[in-house]
Amino acid sequence: MSAAADPLAEPGGRAVHPALRWATVDLAAYRANLRHLQELVAPAELMAVVKADAYGHGATTLVAAALEAGVRWFGTLDLANAHELRAAGVGDGVALFAWQFGPRETFERAISERIDLGISSLRQLEAVASAVEAVSRALAPDAAAAAPVPALVHLNVDTGLHRDGALADEWDALVTRAVRLREAGILRLRGVYSHLAEASDEEDTGSAELLASCIERAARLGATFERRHLTASSAGMERPELRLDMVRMGSNTYGIPVTDGVSAADRGLLPVMTLSASVARVKRIAAGTGVSYDYTFRAPRDTTVALVPVGYADGVSRRAQHGVTIALHGKRYPIVGRVAMDQFLIDVGDDPVAVGDEVTLFGTGSRGELTVGEWADLIETIGEEVTCGIGARVKRVYV
Ligand SMILES: *Cc1c(COP(=O)(O)O)cnc(C)c1O
């Protein structure tokens, strides 16, 4: 379309951005983060955690990029995400680790697709064993003695979070049954793991000791595990002695800082997501004029407000009204009035602004914008919550 035919073009034919709102996902930054983190945790291996659609970045595309960076372990949380990745062509030479299951989960497809399973209870273990039998029967219906297709099992110890994982007093029974199943060729003990609460260094150390003692008890019961894993982004970065054989990192890989007062840049990490929009309307308002729902803001002077077409349906919290600033032409302007479902306003004073001008909500900082960590601090949350909350209406643009 020529500029002259574009109803949004400014007089003089200046081009305007075609989209209302979009999130740019920098795959080179993601790969650089992964390479940096792989080197940092070596000789431990890096598992890239891509649950929740890769923290809102888009799992399928990010996994393809991570494969180029040499990553061979991915954490998907659930089986649906793991199956999606297999369907997208991620072959079984690449490990996909899932650890959250429904109460009636059936594991046949997971067994066939060689998904690594984080197992917390006897009930799950029995479901996995039945699935192995079903899959093996389906593959070799006549051969009674055909070797089963073993499940890839990681036993999960609860060392304090009280989420999933077997409690210490359930551990021996779980291990004893797993050893029996391994002897029957029903499973491989691919790993043993836990997850830290990160409440304090002392308590994390206690959790690591509990994991170590569970591994020792398992050894006495005849279990040896192919790998041990415990830490995620925070302790994986700060506590080298706890890295064991593998570190499961999400936040760090997306350039989201996880330690208070430490930026991603301080850690040599690059922000991966930039959230942008184009100005949808510009209005000059007189002193005293209220804007947006409830008129929580009334202009203290004559000023210009610009409409940014991103709202809480897109992941911009209503709390962002209090202190969050938005970059336009390299300068930051405050959000004024309520953030609505689909839009909010910024106060640009007497500065020039036109429909179609690009604004940056958060990103690398190179256009004067906040990073996602700074954004999150201002609304008293964490960067992961912000990127995970970016809604489906926001088109992901991969560069
Ligand atoms: C989400 C999650 C991770 C990754 O956590 P980050 O802090 O984002 O690195 C690792 N392990 C488990 C079990 C998780 O649930």
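Rules and cut-offs
- Just so you know, the residues in each chain are numbered from 1, in the order the chain's sequence is written.
- Only residues with pLDDT of 70 or above have their local features reported here, since the model is predicted, and side-chain atom pairs are shown and tallied only from 80 upward, although totals for entire chains, interfaces and linings are computed over all residues.
- In computing side-chain values, all of the structure's heavy atoms are included and hydrogens and water are not.
- The start and end points of each domain follow an automatic or database-based domain assignment.
- By definition in these notes, contact holds between two residues if any of their heavy atoms fall within 4.5 Å.
- When two components associate, each loses some accessible surface as probed by a 1.4 Å sphere; the sum of these losses over both components is called the buried area.
- For this analysis, a salt bridge means a side-chain nitrogen from Lys or Arg found within 4 Å of a carboxyl oxygen belonging to Asp or Glu.
- UniProt positions are given in the numbering used here, feature names are shortened, and annotations may be inferred rather than shown by experiment.
- Starting at the N terminus, helices and strands are each numbered in turn, a helix being any DSSP run of H or I of at least four residues and a strand any DSSP run of E of at least two.
- When we say a residue is near a molecule or strand, we mean one of its heavy atoms is within 4 Å of it.
- Polar contact criterion, stated in full: a pair of N or O atoms within 3.5 Å, where within protein one must be able to donate a hydrogen and the other to accept it, and residues adjacent in sequence count only if both atoms are side-chain atoms.
- All amino acids are sorted into three groups, where Ala, Val, Leu, Ile, Met, Phe, Trp, Tyr, Cys and Pro are nonpolar, Asp, Glu, Lys and Arg are charged, and the leftover types, Gly among them, are polar.

**Concerning the domain arrangement of the protein chain**
Logical step 1: Each domain of the protein chain was delimited in the assignment, giving domain 1 (3-23 + 272-398) and domain 2 (27-256).
Logical step 2: Inter-centroid distance (C-alpha atoms) of domain 1 to domain 2 is 40 Å.
Logical step 3: With nine residues of domain 1 at the contact, the number on the domain 2 side is 16 residues.
Logical step 4: Summed over both partners, the interface of domain 1 with domain 2 buries about 970 Å², with 68% contributed by carbon and sulfur atoms.
Logical step 5: Contact with domain 2 buries area across many residues of domain 1, yet Val272, Glu384 and Tyr398 alone supply 62% of it, more than any other trio.
Logical step 6: Across the domain 1-domain 2 interface, the total number found is zero salt bridges.

**Here's the deal with the UniProt feature "binding site: substrate" (unreviewed entry) in the protein chain**
Logical step 1: UniProt annotation of "binding site: substrate" (unreviewed entry) refers to Arg163 and Met341 when read in the numbering used here. Taken together, the annotated residues stretch across 179 residues and extend over separate regions, lying up to 32.8 Å apart by C-alpha.
Logical step 2: When you line up the elements, Arg163 lands in the loop between β6 (151-156) and α7 (168-183).
Logical step 3: In contact with Arg163, not counting residues within four places along its chain, are Asp158 and His195.

**Observations regarding the site of the ligand**
Logical step 1: Around the ligand, a shell composed of Val49, Lys51, Tyr55, Trp99, Arg163, His195, Ala232, Ser233, Arg248, Met249, Gly250 and Ser251 is seen.
Logical step 2: One of the side-chain nitrogen or oxygen atoms of Tyr55 is found 2.5 Å away from an oxygen atom of the ligand.
Logical step 3: A distance of 2.6 Å is found between an oxygen atom of the ligand and a side-chain nitrogen or oxygen belonging to Ser233.
Logical step 4: Put simply, the parts of the chain that give the shell around the ligand at least two residues each are α2 (51-55) and β9 (246-249).
Logical step 5: Residues belonging to the shell around the ligand are distributed by class as follows: five nonpolar, four polar and three charged.

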